[in-house]
Amino acid sequence: MRDNYTCQYCGTKFHAKQLTLDHVVPASHNGPKNWTNVVSACRDCNQRKANRTPRTANMPLLTEPRAPSWLPTLELEISADHVPPDWAPYLRLKTG
Ligand SMILES: [Zn+2]
């Protein structure tokens, strides 16, 4: 939602299900899992960038990732069991 469903590398708009979470600085390079190190990327760009930083991959980001001033208020109709583990830090999960 923050990235308007747009791949932050090629600028193409996708359906949410076609997008992946890309770590700007890869986790294997000690990149943190937070708003400023995670962007929406399409599968092609994510694969092309692979385990590199935008600089070494020569794939600059279209916009600087920031924490949104709002938080999504969607009522997600999925249980905590089905939330992809990567999403958990960005959601306030309802329990029970
Ligand atoms: Zn892309």
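No experiment lies behind these values; they were computed from the predicted model shown.

Visitor: Can you tell me about the coordination of the zinc ion, naming the residues and giving the values?
Guide: Taken together, C7 (SG), C10 (SG), C42 (SG) and C45 (SG) make up the full set of protein donors to the zinc ion, lying 2.3 to 2.4 Å away. Geometry at the zinc ion is tetrahedral, judged from its 4 donor atoms and the angles of 103 to 118° they form at the metal. When the donor residues of the zinc ion are listed from N- to C-terminus, their spacing reads C-x2-C-x31-C-x2-C. Here C42 lies in strand 2 (residues 38–42) and C10 lies in the segment before strand 1 (19–23), a separation of 32 residues in the sequence. On the accessibility criterion, C10 (37% relative accessible area) is partly exposed. What makes C42 buried here is its relative accessible area of 4%.

Visitor: How would you sum up the pattern of salt bridges? Please name residues and give values.
Guide: Enumeration according to the criterion identifies 3 salt bridges in this entry. A salt bridge links K49 to D22; its shortest N-O distance comes to 3.2 Å. Here K49 is found in helix 1 (residues 43–49), whereas its partner D22 is found in strand 1, with 27 residues between them in sequence. When its relative accessible area of 3% is taken as the criterion, D22 is described as buried.

Visitor: Help me get a handle on a nonpolar patch on the surface, residues and values and all.
Guide: A cluster of nonpolar side chains, M1, Y5 and W70, forms an exposed patch at the surface whose accessible area comes to about 300 Å². Note on placement: W70 falls in the segment after helix 2 (54–57).

Visitor: Please give an account of the pairing of strand 1 that cites residues and values.
Guide: Summarising burial for strand 1: 4 of the 5 residues are buried, a large majority. When strand 1 meets strand 2, the two strands line up antiparallel, connected through 5 bridges. Bridging from a neighbouring strand, D22 pairs with V39 of strand 2.

About the thresholds
- Residues numbered from 1 in each chain as written.
- Predicted model: local features only at pLDDT ≥ 70, side-chain atom pairs only at ≥ 80, totals over all residues.
- Heavy atoms only, no water.
- Donors = N, O, S within 2.8 Å, 3.2 Å for Na, K, Ca; no water.
- Tetrahedral: all angles 85-135°; square planar, octahedral: opposite > 155°, others 65-115°.
- Helix = DSSP H or I, 4+ residues; strand = E, 2+ residues; numbered from the N terminus.
- Buried < 20%, exposed > 50% of the residue type's maximum accessible area, 1.4 Å probe, protein only.
- Salt bridge = Lys/Arg side-chain N within 4 Å of Asp/Glu carboxyl O.
- Patch = residues over 30% accessible without salt bridge, like charges linked within 9 Å, V, L, I, M, F, W, Y side chains within 5 Å.
- Areas by Shrake-Rupley, 256 points an atom, 1.4 Å probe, with all protein chains shown as cover.
- Pairing = 2+ DSSP bridges.

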